[in-house]
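A look at the structure
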Amino acid sequence: MSEIRTLLYRDWLEIKRKYLSYILLWFSLPMVIHLFMVIPLASQIFSVDLMNYTNWASVGIWICSSAIISFTYSNIKMKNLLYKNDYIAKYLKAPISNGQLLVSLLLFSIIIGLIQLAIAMAITIALNNDNLNLMQLLLIFINTASIVTFFSIAGLFFGIYAKDELFSIFIFLIMFIVLSFSLGTLIPIGESYNKFLILIRNFPIYKTVLNVQLLYAGKSAIISTVVVMNIINIISFFIVLVLSYKKFRK
């Protein structure tokens with residue numbers, strides 16, 4: 001446990017050195033999504049589930065900004081660890097296991113994403129003049145954290161194998177498109193009869209997004225969805241852990 005704390009502290013020191021860049025990113029990303037995606041779409045989509053589209057899309061801004069920043073952070077950290085300045089060799093000489101190293105990377109990328117979530121929520125709540133009670137905020141954080149964790153693990157996975165910068169950019173774009181347009185975050189897909197979108201609606205990650213939307217609207221969430229999502233996260237992390245042994249110690 002002390003090793004993980006040490007690794008987390010190392011990442012914290014790195015954030016402190018670049019805090020202005022991170023603050024700028026945390027505040028600009030949700031505003032960019034709002035200005036260049038939500039506002040144009042608002043002229044085509046007026047309401048969703050009897051809610052003004054701009055308000056409904058607030059959830060999409062929270063999820064997209066926090067998930068994509070977690071994915072990007074974990075992906076970059078993993079790539080740097082494996083392919084930059086032989087960092088991995090330095091860590092392998094220390095009394096640190098693969099699991100401890102991956103857990104620290106995962107935890108810090110989740111923290112980065114949850115900070116982004118808090119800032120994105122503060123911005124959209126101020127813009128929309130919303131009122132959310134403490135229980136709503138807590139449940140929204142729990143549900144969104146499971147989505148952030150999933151994309152953080154995905155970032156670790158692609159960081160292991162996507163060494164080429166061009167391919168990494170392509171993966172980032174695919175992830176952003178999936179987050180924005182295929183999971184019901186910024187474009188509603190609940191009423192569509194398209195076979196692909198019907199399939200998407202059966203995915204646990206879509207149901208978790210729906211949970212956040214329900215909570216934002218003051219309705220009850222489905223607890224089993226979060227449980228299933230976190231089971232998937234645990235399994236996915238162990239898969240990445242197994243793959244990392246081949247890559248780290250080859």
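Just above sits the structure.
Report on the accompanying structure. (Residues numbered from 1 in each chain as written. Predicted model: local features only at pLDDT ≥ 70, side-chain atom pairs only at ≥ 80, totals over all residues. Heavy atoms only, no water.)

**Details of the environment of Phe151**
In this structure, Phe151 sits in helix α6 (residues 134-161). Phe151 sits 42 residues away from Ser109 along the chain, and the two C-alpha atoms are 9.5 Å apart. The residues touching Phe151, leaving out its near neighbours within four places in the chain, are Ala67, Phe71, Ser74, Met175, Leu179, Leu183 and Ile205. (Helix = DSSP H or I, 4+ residues; strand = E, 2+ residues; numbered from the N terminus. Contact = heavy atoms within 4.5 Å.)

**With respect to the packing of aromatic side chains**
A ring pair, where both rings are aromatic, is described by two values, the distance of the centres and the angle of the planes. The full count for this structure, using the stated rule, is ten aromatic pairs. Here the aromatic rings of Tyr53 and Trp56 are separated by 5.9 Å at their centres, their planes lie at 35°, and the arrangement is tilted. Of this pair, Tyr53 and Trp56 both sit in helix α3 (residues 53-83), three residues apart, which is roughly one turn of the helix. For the pair Tyr53 and Trp56, one class covers both residues: buried. (Phe/Tyr/Trp six-rings, centres within 6.5 Å; stacked < 30°, edge-to-face > 60°. Buried < 20%, exposed > 50% of the residue type's maximum accessible area, 1.4 Å probe, protein only.)

**Examining the layout of surface pockets**
Space inside the largest pocket adds up to approximately 530 Å³. What lines the largest pocket is a set of 22 residues, and nearest its centre among them are Glu14, Tyr73, Ile76, Lys77 and Asn80. By residue number, the principal contributor to the lining of the largest pocket is α3, which donates eight residues. Tallied by class, the residues present in the lining of the largest pocket amount to 15 nonpolar, two polar and five charged. (1 Å grid on protein atoms, 1.4 Å probe; cavity = no way out; pocket = protein on both sides within 12 Å on 5 of 7 lines; lining within 4 Å. Points joined across faces, edges and corners; volume = space filled by probe spheres on them. Nonpolar A, V, L, I, M, F, W, Y, C, P; charged D, E, K, R; others polar.)

**Some points on the pattern of salt bridges**
Two side chains with opposite charge may pair up if their charged atoms get near one another. Following the criterion strictly, the structure yields four salt bridges and no others. Salt-bridge contacts for Lys77 lead to Asp11; the nearest nitrogen and oxygen are separated by 3.4 Å. Here Asp11 lies in helix α1 (residues 2-17) and Lys77 lies in helix α3, a separation of 66 residues in the sequence. Assigned by exposure class, Lys77 and Asp11 land together as buried. As a salt-bridge pair, Lys79 and Glu165 come within 3.2 Å of each other at their nearest N and O atoms. Pair noted here: Lys79 is in helix α3 and Glu165 is in helix α7 (residues 165-182), with a separation of 86 residues, a long-range link. Given a relative accessible area of 53%, Glu165 falls into the exposed group. (Salt bridge = Lys/Arg side-chain N within 4 Å of Asp/Glu carboxyl O.)

**Let's talk about a nonpolar patch on the surface**
Residues Tyr19, Leu20, Ile23, Phe27 and Met31 make up a contiguous nonpolar surface patch of about 500 Å² in total accessible area. Within the secondary structure, Leu20 is located in helix α2 (residues 19-42). (Patch = residues over 30% accessible without salt bridge, like charges linked within 9 Å, V, L, I, M, F, W, Y side chains within 5 Å. Areas by Shrake-Rupley, 256 points an atom, 1.4 Å probe, with all protein chains shown as cover.)

**Overview of unusual backbone geometry**
For residues besides glycine, phi is generally negative; the peptide bonds are generally trans as well. Backbone geometry places Asn129, a non-glycine residue, at a positive phi of 55°. With respect to the helices, strands and loops of the structure, Asn129 is situated in the loop between α5 (98-128) and α6. For Asn129, a relative accessible area of 66% corresponds to the exposed category.

**Describing the packing of α6 against α7**
Between two packed helices, both the angle of their axes relative to each other and the distance between the axes serve to describe the pair. Taken N-terminus to C-terminus, the directions of α6 and α7 make an angle of 160°; their axes are 12 Å apart at the nearest point. Between α6 and α7, the interaxial angle falls into the category roughly antiparallel. Here the hand of the crossing between α6 and α7 comes out right-handed. Across the interface between the two elements, Phe151, Ala154 and Phe158 of α6 pack against Ile171, Met175 and Leu179 of α7. When the residues that make up the contact of α6 with α7 are grouped by side-chain class, the tally is six nonpolar, no polar and no charged. (Axes fitted to C-alpha atoms, helices over the stretch in contact; angles between N-to-C directions. Parallel < 35°, antiparallel > 145°, perpendicular 65-115°, else oblique. Left-handed = near helix turned anticlockwise from the far one by under 90°.)

**Brief notes about the packing of α5 against α6**
Close contact between α5 and α6 brings their axes to 9 Å; oriented N to C, the two are set at 135°. With respect to α6, the axis of α5 lies oblique. When the axes of α5 and α6 are compared, the crossing they make is right-handed. Along its contact with α5, which presents Leu102, Leu105, Leu106, Ser109, Ile110, Gly113, Leu114, Leu117, Ala118 and Met121, the element α6 presents Leu137, Ile140, Phe141, Thr144, Ala145, Val148, Thr149, Ser152, Ile153 and Leu156.

**Some details on the nonpolar core**
Ranked by internal contacts, the top residues of the largest apolar core, which has 52 residues, are Tyr53, Trp62, Ile112, Phe151, Leu179 and Leu186. At the level of elements, α2, α3, α5, α6, α7, α8 (195-200) and α9 (204-216) are the ones that each hand at least two residues to this core. Every residue in contact with Leu179, bar those within four places of it in the chain, is listed here: Ile63, Cys64, Ala67, Ile68, Phe151 and Thr185. Formed by 18 residues, the second largest nonpolar core is a distinct cluster that contains Met78, Leu81, Ile110 and Leu156. (Core = buried A, V, L, I, M, F, W, Y, C linked by side-chain atoms within 4.5 Å.)

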